[in-house]
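Observations on chain architecture
Residues per chain, in single letters:
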Amino acid sequence: MSGIVSEIKCENCGAPLNINPGEIVSTCRYCGYTAVVGADEPFQLEHSLILNNNNAASVENALRDWMREGFMKPGDLAKKSKILTLELRYLPFWLVPIEATSTYEGVLERISPPSPRKGVINRDYDWLVLGRKGAQFPTRDYTVPDTGKIPFDFKRIDSGAKFLNSEMTNEEAVEHAREEVDVNQRFLAKQEIDQITSFNTNFKVDKPTYIHAPIWFSTYEYKGRSYNAVLDGSSGMVLRADIPQTDFKMI
Ligand SMILES: [Zn+2]
């Protein structure tokens, strides 16, 4: 990778585009113009933004509430923890509408005698794919909120936030979605039968939506160690957070 990527200019307004190596879809922070890197025409798919409804104070409150609830956590977690970092990032997602129809054959072994079974599993999904490679994010725990989703408007992005572009095209995202939906369909088939002898899925894929979602990343310190937390900027909910191990005294 060369370092010359920073010389790329916005096709629409001429402002310099901050494109990092690996990013494939670019969005101009000055005018909102979005295009596939290297392509001259604007982005053709539905492009949405989820509004951030939180600030550092409300996110810290939500994190402390989370620390106080549930008995799997140390009792003094909320009191003794120190928030080390708190950062808002807009993450790029692809929302892929997929109808999957799987036909399966196999053997039911959980009752005796084992008997052959077959069936069909039909499901509609709005499958979410993170447009970043190698990034850690609990995609399956995250549901794109219906409220607060607006057509992409760069003026509604919090100015202090980090804005990340997609590192995959919509075709790659669809491919990911198909693979993951297929795994999920197999999982559902495994609820019905114990041995799968044949399994085939047909996909009907609709147009993906490109979405920027506000996610807060935090690290906190508890008893000298640091832990991670990820919160949804729309709802303020904790999506995933590390829980310090406690030594439960079993009596
Ligand atoms: Zn521009």
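Fair warning: this is a prediction, and the values are worked out from it, not measured in the lab. (Residues numbered from 1 in each chain as written. Predicted model: local features only at pLDDT ≥ 70, side-chain atom pairs only at ≥ 80, totals over all residues.)

**Focus on the overall build of the protein chain**
Under the convention used in this document: Secondary structure follows DSSP: runs of H or I at least 4 residues long count as helices, runs of E at least 2 residues long count as strands, and numbering of each begins at the N terminus. Exposed residues have 12 or fewer other C-beta atoms within 10 Å of their own C-beta, buried residues have 20 or more, and residues in between are partly exposed; the C-beta atoms are placed from the backbone. Whether two residues are in contact depends on their C-beta atoms, placed from the backbone: they are in contact if these lie within 7 Å.
A count of helical and extended segments in the protein chain gives 3 helices and 11 strands. Each helix and strand of the protein chain, placed in order from N terminus to C terminus, yields the pattern β-β-β-α-α-β-β-β-β-α-β-β-β-β. Projecting the C-alpha coordinates of the protein chain onto the three principal axes gives extents of approximately 70 × 60 × 35 Å. Buried positions account for 24% of the 251 residues belonging to the protein chain. Expressed as a percentage of contacts within the protein chain between residues at least 6 apart in sequence, the contacts between residues at least 24 apart total 69%.

**Description of the domain arrangement of the protein chain**
As a measure of interface size, the accessible area lost when the parts come together is often cited. Put simply, the rule is: Reported domain spans reflect what an automatic or database domain assignment gives. Here the term charged refers only to Asp, Glu, Lys and Arg, the term nonpolar to Ala, Val, Leu, Ile, Met, Phe, Trp, Tyr, Cys and Pro, and the term polar to all other amino acids, Gly among them.
According to the domain assignment, the protein chain consists of domain 1 (1-44) and domain 2 (45-241). Domain 1 and domain 2 are separated by 27 Å when their C-alpha centres are compared. At the junction of the two partners, domain 1 supplies 14 residues and domain 2 supplies 13 residues. Elements represented by at least two residues in the side of domain 1 that touches domain 2 include exactly β1 (25-27) and β2 (34-36). Of the residues forming the side of domain 1 that touches domain 2, the biggest block, 3 residues, is contributed by β1. For the side of domain 1 that touches domain 2, the residue count by class is 6 nonpolar, 6 polar and 2 charged.

**As for the nonpolar core**
It is characteristic of soluble globular proteins that their nonpolar side chains tend to be buried jointly. Here is the rule we go by: By our criterion, buried Ala, Val, Leu, Ile, Met, Phe, Trp, Tyr and Cys residues that link up through C-beta atoms within 7 Å make up a nonpolar core.
In terms of nonpolar packing, the biggest core is built from 37 residues, with Phe93, Val96, Val129, Ala177 and Leu231 touching the most fellow members. For this core, the secondary-structure elements that each account for two or more residues are β3 (46-50), α1 (56-68), β4 (82-108), β5 (115-130), α3 (170-192), β9 (209-222) and β10 (225-232). At 9 residues, the largest contribution of residues to this core is made by β4. In this structure valine 129 touches Phe93, Trp94, Val96, Ala173, His176 and Ala177, once residues within four positions along its chain are discounted.

**Observations concerning α3**
Stated formally: Helices are assigned an expected span. That span is 1.5 Å times one less than the residue count.
With 23 residues, α3 should cover 33 Å at 1.5 Å per step; its first-to-last C-alpha distance of 33 Å lies within 8% of that length. All buried positions along α3 are accounted for by Asn170, Ala173, Val174, Ala177, Val181, Gln185 and Ala189. Of the surrounding secondary structure, the elements contacted by the buried residues of α3 are β4, β5 and β8 (195-205).

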